[in-house]
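Next come the chains, spelled out residue by residue.
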Amino acid sequence: MIRFSHVGRTFALRVAMNRTHLRRYKILRMALMGSGPEESFLHRSLRIAAVVALYWFISITMVFLNNYLLDNKDLEAPLFVTFFQCLVSVVLCCVMQLLAKMCPWLIDFPPVRFDLKTSREVLPLSVVFISMITFNNLCLKNVGVAFYTVGRSLTTVFNVLLSYVILKQTTSLQAIVCCGIILGGFWLGVDQEGLAGSLSWSGVFFGVIASACVSLNAIYTKKVMPAVDGNIWKLSYYNNINACVLFLPLIFIFGEFGRLVSFSRAFDMGFWGMMILGGVFGFAIGYVTGLQIKFTSPLTHNVSGTAKACAQTVIAVLYESSTKSALWWTSNMMVLGGSSAYTVVKSREMKGTPHKVPQDSTKEKLLPEEKDNPDV
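Residues numbered from 1 in each chain as written. Predicted model: local features only at pLDDT ≥ 70, side-chain atom pairs only at ≥ 80, totals over all residues. Heavy atoms only, no water.

Caption draft 1: Representation of the overall build of the chain. Along its length, the chain carries 13 helices and zero strands. Within the chain, residue pairs in contact and separated by at least 24 positions form 84% of the contacts whose partners lie at least 6 positions apart. Counting only carbon and sulfur atoms, one obtains 68% of the accessible surface of the chain, whose full area is about 20100 Å². (Helix = DSSP H or I, 4+ residues; strand = E, 2+ residues; numbered from the N terminus. Contact = heavy atoms within 4.5 Å. Areas by Shrake-Rupley, 256 points an atom, 1.4 Å probe, with all protein chains shown as cover.)

Rendered as structure tokens:
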């Protein structure tokens, strides 16, 4: 009886200690995530500034890192580079699931088991997805980082056009004027790049196709979300698995497998380290995008993305030590200004539309016009 009482007390003590630890972890998580009821304005401002800075750092670094990997003269294999990044994203999804099981108080990631039926339902989006990231990388490879913002600037225009053609959604006159400004900036940028002798028509072509695919990706994402219970991480998991499978025959068809076999740095750990880092940043951009929207707002996220694109262009010009004309800079300002104005116009229009059902925090938060930022 004495032994049983002692064991009972020991068990109760351990349960109490575990509850205490769990309570401490919850308090720590509330402090880190800013859930406290009496959070000061300074703390809130610092947290928002940190999130925005993290978004800028990851997004800009990812663009420059992708440009470095795609500009590798020893390996002309843009499809393989893109395939490898998708593969890294799948591995990271599995790692995040494991960590979420081990540390549920620190990491929130949905449990995902591969289902063939769900994969088939996501497949149409995956075809658009691989087209988007492939043409996006080809554009970046051919035009460089400096002209990348202008070269990939027609997403908003295609969003308006395809929304009308596919979804039969009309657009206000103010939004159309914003699209006209973007188009004017795009044509002026192409003209100035041609006068400077650095224009790549193939890069411009790939940028236009990539812009159309980004818009299609937003439209198909909304259609496919019910198949993954409205969870963006489940969608990313299935999307990247499908992309890995679809990329394999393309790598063989376009002869990149032979280039990989004869690649002189096939056993260079530095090269593979950069490849893995590129995949990690590609996965992280989805997280920090959602984080920035959570702690600010969709409108602020778009404004931040536009300012980031401007800073990215300036950094690229300074890094390349190149000289650009006033009209070249004007084209960039027209593109960024038109995109920002479009965001403000659509935000005002959405505020005037009553919401029928509030969205859950695990649901997809990005609207088609919120995916127009050149972050990929």
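Next comes the rest of the account.
Caption draft 2: Highlighting the packing of aromatic side chains. Taken as a whole, this structure holds 18 aromatic pairs when the rule is applied. Consider the rings of F84 and W272, whose centres lie 5.5 Å apart with planes at 50°: the pair is tilted. With F84 in helix α3 (residues 78-102) and W272 in helix α11 (residues 269-295), this residue pair connects regions lying 188 residues apart in the sequence. Overall, F84 belongs to the buried group, its relative accessible area being 13%. A relative accessible area of 23% places W272 in the partly exposed class. The cationic tip of K223 hangs over the ring face of Y220; the distance from NZ or CZ to the ring centre is 5.5 Å. (Phe/Tyr/Trp six-rings, centres within 6.5 Å; stacked < 30°, edge-to-face > 60°. Buried < 20%, exposed > 50% of the residue type's maximum accessible area, 1.4 Å probe, protein only. Lys NZ or Arg CZ within 6 Å of the ring centre and 35° of its normal.)

Caption draft 3: The arrangement of the nonpolar core in detail. Counting residues in hydrophobic clusters, the biggest one holds 80 residues, and the most contacted among them are F80, C86, F129, F147, L235, F247 and M275. Tallying contributions element by element places α3 first for this core, with 11 residues. (Core = buried A, V, L, I, M, F, W, Y, C linked by side-chain atoms within 4.5 Å.)

Caption draft 4: Spotlight on the side chain of S331. As for its position among the elements, S331 is in helix α13 (residues 326-351). Classification of S331 by relative accessible area gives buried; the value is 0%. Apart from residues lying up to four places away in sequence, S331 is in contact with V150, G185, L188 and G189.

Caption draft 5: Just the layout of surface pockets, in detail. Quantified by volume, the second largest pocket comes out at close to 260 Å³. Surrounding the second largest pocket, 14 residues form its lining, L79, T134, F135, L138 and F254 being those nearest its centre. Mapped onto the lining of the second largest pocket, the elements with two or more residues apiece are α3, α4 (116-143) and α10 (256-261). It is α4 that provides the largest number of residues to the lining of the second largest pocket, a total of six residues. Split into classes, the residues belonging to the lining of the second largest pocket amount to eight nonpolar, two polar and four charged. (1 Å grid on protein atoms, 1.4 Å probe; cavity = no way out; pocket = protein on both sides within 12 Å on 5 of 7 lines; lining within 4 Å. Points joined across faces, edges and corners; volume = space filled by probe spheres on them. Nonpolar A, V, L, I, M, F, W, Y, C, P; charged D, E, K, R; others polar.)

Caption draft 6: Up close: unusual backbone geometry. If you check the backbone angles, D229 has positive phi at about 60° while not being a glycine. Turning to its location among the elements, D229 is positioned in the loop between α8 (201-224) and α9 (232-253).

Caption draft 7: Geometry of the state of the cysteines. Applying the stated criterion across every chain yields a total of zero disulfides. Counting only cysteine sulfurs, C86 is the nearest neighbor of C244, a cysteine outside any disulfide, at a range of 5.4 Å. (Disulfide = S-S within 2.5 Å.)

Caption draft 8: Spatial organisation of α13. The end-to-end C-alpha distance of α13, which contains 26 residues, comes to 37 Å, matching closely the 38 Å that a straight helix rising 1.5 Å per residue would cover. Looking at α13, one finds that the buried residues are W328, S331, N332, V335, L336, G338, S339, Y342, T343, V345, K346 and S347. (Expected span 1.5 Å × (residues − 1).)

Caption draft 9: Region of the structure containing the packing of helix α2 (residues 41-70) against α3. Running from N to C, α2 and α3 cross one another at 135°; their axes reach a closest spacing of 10 Å. Regarding the angle of α2 to α3, the classification is oblique. Where α2 approaches α3, its residues N66, L69 and L70 are matched on the opposing element by P78, V81 and Q85. (Axes fitted to C-alpha atoms, helices over the stretch in contact; angles between N-to-C directions. Parallel < 35°, antiparallel > 145°, perpendicular 65-115°, else oblique.)

Caption draft 10: Expanded view of the environment of D74. Position of D74 among the secondary structure elements: in the loop between α2 and α3. For D74 and F263, which are 189 residues apart along the polypeptide, the C-alpha to C-alpha distance reads 7.0 Å. Once you skip the residues sitting within four places of it in the chain, D74 turns out to touch F263 and R265.

Caption draft 11: A look at the pattern of salt bridges. Scanning the entire structure with this criterion turns up four salt bridges. Put simply, K234 and D229 hold a salt bridge, and the shortest N to O gap is 3.2 Å. For R265, the salt bridge goes to D268, with nearest N and O atoms at 3.0 Å. Residue class for R265 comes out partly exposed when judged on its relative accessible area of 23%. For D268, a relative accessible area of 29% corresponds to the partly exposed category. (Salt bridge = Lys/Arg side-chain N within 4 Å of Asp/Glu carboxyl O.)

Caption draft 12: Expanded view of α4. The end-to-end C-alpha separation of α4 is 39 Å, in line with the 40 Å expected for 28 residues at 1.5 Å each. Where α4 bends most, at L123, the angle is about 50°, and the proline P124 comes one to four residues later. Residue G144 follows α4 closely and has a positive phi angle near 80°. (Bend = angle between axes of the 7 residues up to and from the residue.)

Caption draft 13: Focus on the confidence of the model for the chain. Chain-level pLDDT for the chain is 81 on average; 83% of the residues reach the 70-or-more range. Below a pLDDT of 50 lies the segment residues 1-8, which in the model reaches zero contacts outside its immediate sequence neighbourhood of four places, other chains included. Predicted confidence is poor over residues 356-376, with pLDDT under 50, and the contacts of this stretch with residues over four places away or in other chains come to 55 contacts. (pLDDT = per-residue confidence, 0-100.)

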